[in-house]
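Breakdown of the fold
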Amino acid sequence: MNYQEMTDFELELLVAKHFLGEGSYSYDAEKSEVYLAGMDGGDFLPNAYFRPINSWADAGPIAEENEIGVVKVLNGWCATNDHVKHEGVFFVDPSPRRAICIVFLMMKGGE
């Protein structure tokens, strides 16, 4: 899977699937929005946006729980899950949050 070519919405939807789990999110493809799921009397209600590429509040827990670090490099931000042996996965992107999301997906079995 080529994450570089995916839109932010497509990446956020995949991250939601792996990080939040089925039933914990919903989405509106027309609006390109992912929502945290909420239930009110049996009816589904989106109660908040899930935007890890645009929000540190959403990207931070992903990085922390999966031990993904990010550091500024010459051509962007490098996110990695291995800071010692350099045998893990890494990705460089102009956005540190997008780099974190892509490393997270790579760790879950992507490219």
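Keep in mind the model is a prediction, meaning the values are calculated, not measured.

Quick notes on the rules
- Residues numbered from 1 in each chain as written.
- Predicted model: local features only at pLDDT ≥ 70, side-chain atom pairs only at ≥ 80, totals over all residues.
- Heavy atoms only, no water.
- Helix = DSSP H or I, 4+ residues; strand = E, 2+ residues; numbered from the N terminus.
- Contact = heavy atoms within 4.5 Å.
- Areas by Shrake-Rupley, 256 points an atom, 1.4 Å probe, with all protein chains shown as cover.
- Buried < 20%, exposed > 50% of the residue type's maximum accessible area, 1.4 Å probe, protein only.
- Pairing = 2+ DSSP bridges.
- Core = buried A, V, L, I, M, F, W, Y, C linked by side-chain atoms within 4.5 Å.
- Axes fitted to C-alpha atoms, helices over the stretch in contact; angles between N-to-C directions.
- Phe/Tyr/Trp six-rings, centres within 6.5 Å; stacked < 30°, edge-to-face > 60°.
- Parallel < 35°, antiparallel > 145°, perpendicular 65-115°, else oblique.
- Left-handed = near helix turned anticlockwise from the far one by under 90°.
- Nonpolar A, V, L, I, M, F, W, Y, C, P; charged D, E, K, R; others polar.

**Concerning the overall build of the protein**
A tally of regular secondary structure across the protein gives three helices and eight strands. Beginning at the N terminus, the succession of helices and strands in the protein can be written as α-β-β-β-β-β-α-β-β-β-α. When contacts within the protein are restricted to residue pairs at least 6 apart in sequence, those whose partners lie at least 24 apart make up 38%. With the model as given, the accessible surface of the protein reaches about 6600 Å², and the carbon-plus-sulfur share is 51%.

**Considerations on the pairing of strand S8 (residues 90-93)**
Burial along S8 is one-sided: the residues Phe91 and Asp93 are buried and none of Phe90 and Val92 is. In this structure, strand S7 (residues 76-80) lies alongside S8, joined through four bridges in antiparallel fashion. Across the sheet, alanine 79 pairs through a bridge with phenylalanine 91, a residue of S8.

**Some words on the nonpolar core**
One finds Tyr3, Leu11, Val15, Val34, Ile68 and Leu105 to be the most contacted residues of the largest nonpolar core, which totals 25 residues. At the level of secondary structure, the elements contributing two or more residues to this core comprise helix H1 (8-20), helix H2 (56-65) and helix H3 (96-107). If you tally residues by element for this core, the top one is H3, at eight residues.

**Quick word on the sheet that holds strand S6 (residues 69-73)**
The sheet built from three strands is open, its strands ordered S6-S7-S8 with antiparallel pairing. Either end of the sheet is taken by a strand with one partner, and the two such strands are S6 and S8. Averaged over neighbouring strand pairs, the angle between their axes works out to 25° when direction is ignored. Along the sheet, H3 contacts S6, S7 and S8; its crossing angle with S8, the most-contacted strand, is approximately 155°.

**So, the packing of aromatic side chains**
Overall, the coordinates contain three aromatic pairs when judged by the stated rule. Seen in terms of ring centroids, phenylalanine 9 and tyrosine 27 are 6.2 Å apart; in terms of plane orientation they differ by 55°. Their pairing is tilted. With a gap of 18 residues between them, phenylalanine 9 in helix H1 and tyrosine 27 in strand S1 (residues 25-28) connect regions that are remote in the sequence. A centroid spacing of 5.9 Å and a plane angle of 85° characterise the contact between phenylalanine 19 and phenylalanine 104, whose relative ring orientation is edge-to-face. Of this pair, phenylalanine 19 sits in helix H1 while phenylalanine 104 sits in helix H3, and the two are 85 residues apart along the sequence.

**Some thoughts on the packing of H1 against H3**
Between H1 and H3, the shortest axis-to-axis distance is 10 Å and the interhelical angle comes to 50°. Judged by the inter-axis angle, H1 sits oblique to H3. You can see that H1 and H3 cross each other, and the crossing is left-handed. Side by side, H1 and H3 meet where Asp8, Leu11, Leu14, Val15, His18 and Phe19 of the first sit next to Arg98, Cys101, Ile102, Phe104 and Leu105 of the second. Across the contact of H1 with H3, the residue classes tally to eight nonpolar, one polar and two charged.

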